[in-house]
Amino acid sequence: QVQLVESGGGLVQAGGSLRLSCAASGRTFNKYAMGWFRQAPGKEREFVAAITRTGEGKYYADSVKGRFTFSRDNAKNTVYLQMNSLKPEDTAVYYCAAGLPYSTASTSYDYWGQGTQVTVSS
């Protein structure tokens, strides 16, 4: 079992920035690819970004490409999502996830954080 704990969400004005963090328990963090997903009320959970075990491979949803940056620090068992130029449509609960494959599909991930609310005002 892997425990994931997110932090960094909040309320921000459109055009502003936030950095989300997700801290993982255990020594085997570097076995897992990681993903960020988000879910707005009444909508399906959607893919945001993925990163490989080593961190050299990254993939972003078109909606966030060029604005969000995914990084990981395996020594700290932590991943980060730097969110710049935020838009109201980015408003959602953001979840980090861990899984063995490098994937955009939520079903590929076995472990999930509790989520953190991001609200972007217009």
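Here, residues in each chain are numbered from 1, in the same order as that chain's written sequence. Reporting in this predicted model follows two pLDDT cut-offs: at least 70 for local features of residues, and 80 or more for side-chain atom pairs to be given and counted; totals over whole chains, interfaces and linings ignore these cut-offs and use all residues. Values reported for side chains reflect all heavy atoms of the structure, with hydrogen atoms and water molecules removed beforehand.

Participant: Tell me about the pattern of salt bridges, and name the residues and values.
Facilitator: By definition here, a salt bridge exists when the distance from a side-chain nitrogen of Lys or Arg to a carboxyl oxygen of Asp or Glu is within 4 Å. With the rule as written, the count across this model stands at four salt bridges. The partner of Glu46 in a salt bridge is Arg38, and the shortest N-O contact between them spans 2.7 Å. When accessible area is computed with a 1.4 Å probe and restricted to protein chains, residues below 20% of their type maximum are described as buried, those above 50% as exposed, and intermediate ones as partly exposed. Using a relative accessible area of 37% as the deciding quantity, one classes Glu46 as partly exposed. One salt bridge in this structure joins Asp62 and Lys65, with 3.3 Å as the shortest N-O distance. Each of the salt bridges in this network shares a partner with another, and the network as a whole consists of Arg38, Glu46, Arg67 and Asp90.

Participant: Explain the environment of Thr78 residue by residue, including any values.
Facilitator: Secondary structure elements follow DSSP: runs of H or I no shorter than four residues count as helices, runs of E no shorter than two count as strands, and numbering proceeds from the N terminus. Here Thr78 is to be found in strand 8 (residues 78-83). A relative accessible area of 10% places Thr78 in the buried class. The spatial distance from the C-alpha of Thr78 to the C-alpha of Glu6 is 9.6 Å, given a sequence separation of 72 residues. Contacts are assigned to residue pairs that have any heavy atoms within 4.5 Å of one another. Discounting residues that sit within four places of it in the chain, Thr78 has contacts with Cys22, Ala23, Phe29, Arg72 and Asp73. In the analysis that follows, any N or O atom pair within 3.5 Å is treated as a polar contact, provided that within protein one partner can donate a hydrogen and the other can accept it, and provided that, for residues neighboring in sequence, both atoms belong to side chains. Of note is the side chain of Thr78, whose polar atom sits 2.8 Å from the backbone oxygen of Lys76.

Participant: Kindly report on the nonpolar core, identifying the contributing residues and their values.
Facilitator: Membership of the largest hydrophobic core comes to 36 residues, with the highest contact counts inside it found for Leu4, Met34, Trp36, Phe70, Leu81 and Tyr94. Among the elements of the structure, strand 3 (18-24), strand 4 (33-39), strand 5 (46-51), strand 7 (68-73), strand 8, strand 9 (92-99) and strand 11 (116-121) are those that each provide at least two residues to this core. The residues contacting Leu4, other than those within four sequence positions of it, are Cys22, Ala23, Ala24, Met34, Cys96, Ala97, Ala98, Tyr111, Trp112, Gly113 and Gln114. In this text, buried Ala, Val, Leu, Ile, Met, Phe, Trp, Tyr and Cys residues form a nonpolar core when linked through side-chain atoms within 4.5 Å.

Participant: Go over the sheet that holds strand 7 with me, naming the residues and quoting the values.
Facilitator: In spatial order, the strands read 1-3-8-7; together these four strands make up an open sheet with antiparallel pairing. Pairing within the sheet leaves two strands with one partner each, and these edge strands are strand 1 (4-7) and strand 7. The mean angle between the axes of side-by-side strands here comes to 15 degrees, regardless of whether they run parallel or antiparallel. One bridge is not enough; two strands pair if DSSP finds at least two bridges between them. Where helices are involved, their axes are fitted lines through C-alpha atoms of the stretch in contact, as for all axes, and angles between N-to-C directions lie from 0 to 180°.

Participant: Tell me about empty space enclosed by the protein, and name the residues and values.
Facilitator: Note on definitions: the grid is 1 Å and covers protein atoms alone; a cavity is a set of points where a 1.4 Å probe fits but cannot get out; a pocket is an open set with protein on both sides within 12 Å along at least five of seven lines; lining residues have an atom within 4 Å of a point. Grid points are joined across faces, edges and corners, and a volume is the space filled by probe spheres set on the points. On inspection of all chains with the given rule, the structure shows one cavity of 30 Å³ or more. Looking at the largest cavity, its volume works out to about 40 Å³. When the residues that make up the lining of the largest cavity are grouped by side-chain class, the tally is seven nonpolar, two polar and no charged. Polar here means any residue other than Ala, Val, Leu, Ile, Met, Phe, Trp, Tyr, Cys and Pro, which are nonpolar, and Asp, Glu, Lys and Arg, which are charged; Gly is therefore polar.

Participant: Give a description of unusual backbone geometry that names residues and reports values.
Facilitator: In this structure, Asn77 is a non-glycine residue whose phi angle is positive, near 55 degrees. Following the sequence through the fold, Asn77 ends up in the loop between strand 7 and strand 8. Since its relative accessible area comes to 15%, Asn77 is described here as buried. Even without glycine at this site, Ser85 takes up a positive phi of about 50 degrees. Structurally, Ser85 is set in the loop between strand 8 and strand 9.

Participant: Kindly report on the side chain of Ser21, identifying the contributing residues and their values.
Facilitator: Summarising the element assignment, Ser21 is placed in strand 3. Its relative accessible area of 16% is what places Ser21 among the buried residues. Filtering out sequence-adjacent residues up to four positions away, Ser21 remains in contact with Val5, Glu6, Ser7, Trp36, Val79 and Tyr80.

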